[in-house]
Structures are given as structure tokens and as C-alpha cells.
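Tertiary structure, described
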Amino acid sequence: MWVMRQAGRYLPEYHEAKGSRDFFECCRDPEVASTLTLQPIERYAGLIDAAIIFSDILVIPQAMGMVVEMVDKKGPHFPQPLDTPADDQYRQVLERETHVADELDYVYKAITLTRNKLAGRVPLIGFCGAPWTLFCYMVEGGGTKLFARSKTWIYKYPEETKKLLLKLADICVEHLALQVKAGAQLVMVFDSWAGELGPSAFRDFSEPYLAHIAEKLPQKLQSLGLDRVPMTVFPKGAWHALDAACSLGFDVVGMDWLQDPAEAVRIRGDRPVVFQGNADPGVLYGTKEGITKAVEEMVKGFWVGNKGWIANLGHGITPGVDPENLKHFFQEIHRLTKQ
Ligand code: CP3
């Protein structure tokens, strides 16, 4: 059991440790990043089973030479998003070699430091954004409701889009492998915007690149003399793709709250995939009774047979959640799975 964005704004100690630092400054300072990673582990000691490194999916576009800022209360912002394939910037991003090990060295240092500080209390999760989700940010320049620029790219310039997606997938493999080398014990790929694609567009623009990561990462780890680690994929919103996600080569499939747990278990069938999820993070705004009901539904659906289940929210904790409600969520999962 752990939750997405377990370190962050809802915790008063986060604001205190972050001080006046910018978000990416925190990511780039291994001491600060490890302190923030540990905060929820310390606050919820004995209740939480994994830490996730304090970082961001957008460190990859930064490593590729793009400028990304985190604007307070607005989210990520790229001053110069990719415009069209005729653009110089597209060519540069595509052709310039990305020195992942150098550019993202601070992530690996933060991971190693965090493993030391954890001293075996709980395992540490590493992560990256999925190629499709990273691509969306790189062309949209930030959050969006319409995905007009992303859709322009995939429907007008599909081949140029695919070239970039493949490059992103290779960078993801390298970034995840180096996180494992630094000490990450499970890795997760966040495809937060998978749900923007219909079934056939998902097959064209997301699935092949997720499969590429699942295939190449174990090979890369082997070439580095490292053991394989469990891999999680989280194709948020792509409920139609659950069946496909169970056959992508990932060990764990994370899902959001649009999915009914019992139905998901039926779709999985005999495949040796562990599910992760999936309570609506919004239940944490409600009452303790409501949280208990959401946990009961998850336990009833997921906690079947002996296939395992990683209890989680269906997406990240949202700002303004009462940390005591999150504690109740954790306690109820313990209570209802220990019977
Ligand atoms: O879960 C954790 O505790 C680990 C750290 C983590 C962060 N971002 C820290 C963060 C993880 C795993 C992420 C992943 C991430 N980042 C994703 C994929 C997961 C998802 O939410 O779908 C995405 C899409 C991003 C990009 C990003 N970074 C967004 C959309 C935002 C929110 C902006 C906003 O203001 O709402 C961020 C900021 C961010 N990343 C925060 C944290 C703790 C909040 C930063 C702050 O306000 O100080």
C-alpha cells in the first residue's frame, strides 16, 4: 500500500521543508528530495509500504534540452513547446543526443541517498512518464483540456510523432535502468494522459511505446549486470485498454477509479498481473464513512485469490486533503485485509 503524490502539498511538513524553493530546485537537490520522499513514510510509519522518489515526469523533457517551469497553482509550463515538425526545435530535440546519466544524475543521487536513509524500512519506487504523456506535455506546453496540439500532431504528422515517441521510449528505458542502478526497487510508468486516446489511437501512439519499455528495460538491466525489478504501468483513463495492458509485459497494472475492481479482475483472467489502485482521490475530501465504503469496495473486488493487490488511490492526492483522512484510508485497508 502506498499512494500517488504521497509526498506533496497536502502535508504541512512539505511546505516547511520546501520553504521558498522552486519545485524543480527541490527535485535537483538530493538532500531535499530525499527529505520530502521520507516525510509520508515517517508520518504514516507502519501504515505505508513503499516510498516513491520525489521527482517529476518532466525531468525527461528537461534532460532533452527543453525548458520546463513549475508555476505555482497552475502547474508545469514550457515557454517553448514543440510547434510543428518543420520547427528547428523538433529537429534539435529529436537529433541531439540526450545524456541521461549526466543530465539526471541528481535523480540517481537522490535515490541512493533515500535508500540509505530508508535503511530497509520500505522499498523505494522509481518512475518516469510514458512516451505519450511526455509527448503531450512537450507539444502542449502544459496542462490542457482540448489536446488540440497533441491531436494536430498525431493526426497530421503521425510519422514525425512516432519518431519522437520512440526516442522518448528509449530515454525512459535508460532513465529507469539508471534509477534501478541507483537503488530503485520497483519502477512505474505514468501514462497520465492515455485516456485522451480512443482504442485505435491508443494502439498507435501509446501501447507500442509502453511495450517497448517493458521489453527493453529488463534487457538493459541485464546488460548492466542488474537484476530485473517489478515494473508497473498506469494508463490512466484508458479503461478500454485494460485487457491489452495486462499483456504488455508489465508485472503490475495500475488503474484509476473509472474501473470496477471486480470487472478488472474478470478481464485479467489467469494472467499473472498484479493490480494497483484505484479509489477516487476525491473520497478523501469526504467523510470517514465514505472512505471506509470506498476501501470496502476495493477490497471486495481486488482482494481475491492470492494474486496480490497494491492498494492505492486511482490517481494522485489532490491539494487540500486532510492528512487524517489519508490516515483513515490506510488504516481501513489494513483492517479489511488483515481479517
Ligand atoms: O508521488 C509522489 O510523492 C512522488 C513524486 C511525484 C511528483 N510528480 C511530485 C509532484 C510523482 C510520481 C509525479 C509524477 C507526475 N508529474 C505525473 C504523473 C502522475 C500524475 O499525476 O498523473 C505528472 C502528470 C506530473 C507533471 C506534474 N507535476 C503536474 C501535472 C503537477 C501538478 C501541478 C499542479 O499545480 O497541480 C506537478 C507538480 C508536482 N509534482 C507536485 C508534486 C509534489 C506539486 C508541486 C508543488 O506544488 O509544490
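Residues numbered from 1 in each chain as written. Predicted model: local features only at pLDDT ≥ 70, side-chain atom pairs only at ≥ 80, totals over all residues. Heavy atoms only, no water.

An unreviewed UniProt entry lists the protein under the name Uroporphyrinogen decarboxylase, with Stachybotrys elegans given as the organism. For the record of the protein, the UniProt heading Sequence similarities (unreviewed entry) holds the text "Belongs to the uroporphyrinogen decarboxylase family." Per its UniProt entry, the protein bears the Pathway (unreviewed entry) comment "Porphyrin-containing compound metabolism; protoporphyrin-IX biosynthesis; coproporphyrinogen-III from 5-aminolevulinate: step 4/4." (UniProt positions renumbered as here; feature names shortened; annotations may be inferred.)

If you tally the helices and strands in the protein, you get 16 helices and nine strands. Here the protein has a C-alpha radius of gyration of 19 Å; the compact-globule value for 339 residues is 20 Å, and the two agree. Taken over the C-alpha atoms alone, the protein extends approximately 60 × 45 × 40 Å along its principal axes. Buried positions account for 55% of the 339 residues belonging to the protein. Put simply, 73% of the contacts in the protein that link residues at least 6 apart link residues at least 24 apart. As presented, the protein carries roughly 14,700 Å² of accessible surface, and 50% of it is formed by carbon and sulfur atoms. Between the mean site of the 37 positive side-chain charges and the mean site of the 43 negative ones, the protein shows a separation of 2 Å. (Helix = DSSP H or I, 4+ residues; strand = E, 2+ residues; numbered from the N terminus. Rg over C-alpha atoms; globule rule 2.2 N^0.38 Å. Buried < 20%, exposed > 50% of the residue type's maximum accessible area, 1.4 Å probe, protein only. Contact = heavy atoms within 4.5 Å. Areas by Shrake-Rupley, 256 points an atom, 1.4 Å probe, with all protein chains shown as cover. Lys, Arg positive; Asp, Glu negative; His and termini not counted. Charge placed at Lys NZ, Arg CZ, Asp CG, Glu CD.)

Taken as a whole and judged by the stated rule, the model has 12 salt bridges. In this structure, Lys151 engages Glu196 in a salt bridge whose closest nitrogen and oxygen atoms are separated by 3.2 Å. Here Lys151, found in helix H9 (residues 148–156), pairs with Glu196, found in the loop between strand E5 (186–191) and helix H11 (199–205); they are 45 residues apart in sequence, far enough to count as distant. Overall, the relative accessible area of 22% leaves Lys151 in the partly exposed class. (Salt bridge = Lys/Arg side-chain N within 4 Å of Asp/Glu carboxyl O.)

The next thing to look at is the packing of aromatic side chains. Throughout the structure, instances matching the rule amount to 16 aromatic pairs. When the ring of Trp153 is compared with that of Tyr157, the centres are 5.6 Å apart and the planes differ by 75 degrees; the resulting orientation is edge-to-face. With respect to class, Trp153 is no different from Tyr157; both count as buried. Three or more aromatic residues joined by ring pairs form one cluster here, namely Tyr90, Trp132, Phe135, Trp153 and Tyr157. (Phe/Tyr/Trp six-rings, centres within 6.5 Å; stacked < 30°, edge-to-face > 60°.)

Let us look at the site of the ligand. Around the ligand sit 23 residues in total, of which Arg5, Tyr14, Asp56, Ser192 and His315 are the nearest. Here an oxygen atom of the ligand sits 3.1 Å away from a polar atom, N or O, in the side chain of Arg9. Between Asp56 and the ligand, the recorded distance is 2.7 Å, taken from a side-chain N or O atom to a nitrogen atom. In isolation the ligand offers 880 Å² of accessible surface; the protein chains occlude 90% of this area. Mapped by element, the contributors of at least two residues to the shell around the ligand are helix H1 (12–18) and strand E3 (75–77). For the shell around the ligand, a count of residues per class yields 13 nonpolar, six polar and four charged. (Near = heavy atom within 4 Å. Polar contact = N/O pair within 3.5 Å; in protein donor to acceptor, adjacent residues only side chain to side chain. Nonpolar A, V, L, I, M, F, W, Y, C, P; charged D, E, K, R; others polar.)

Per the UniProt annotation, the sites labelled "domain: Uroporphyrinogen decarboxylase (URO-D)" (unreviewed entry) are residues 125–141. Helix makes up 59% of residues 125–141 and strand 29%. Its end C-alpha atoms lie 27 Å apart.

A word on H9. Along H9, the residues classified as buried are Ser150, Trp153 and Ile154. For H9, the angular spread of the buried residues around the axis is 90 degrees, confining them to a single face. Structural note: H9 exposes Tyr155 and Lys156 on the side pointing more than 90 degrees away from its buried face. Among the structural elements, helix H5 (88–95), helix H8 (131–140), helix H10 (158–182) and H11 are those in contact with the buried residues of H9. (Arc of directions from axis to C-beta.)

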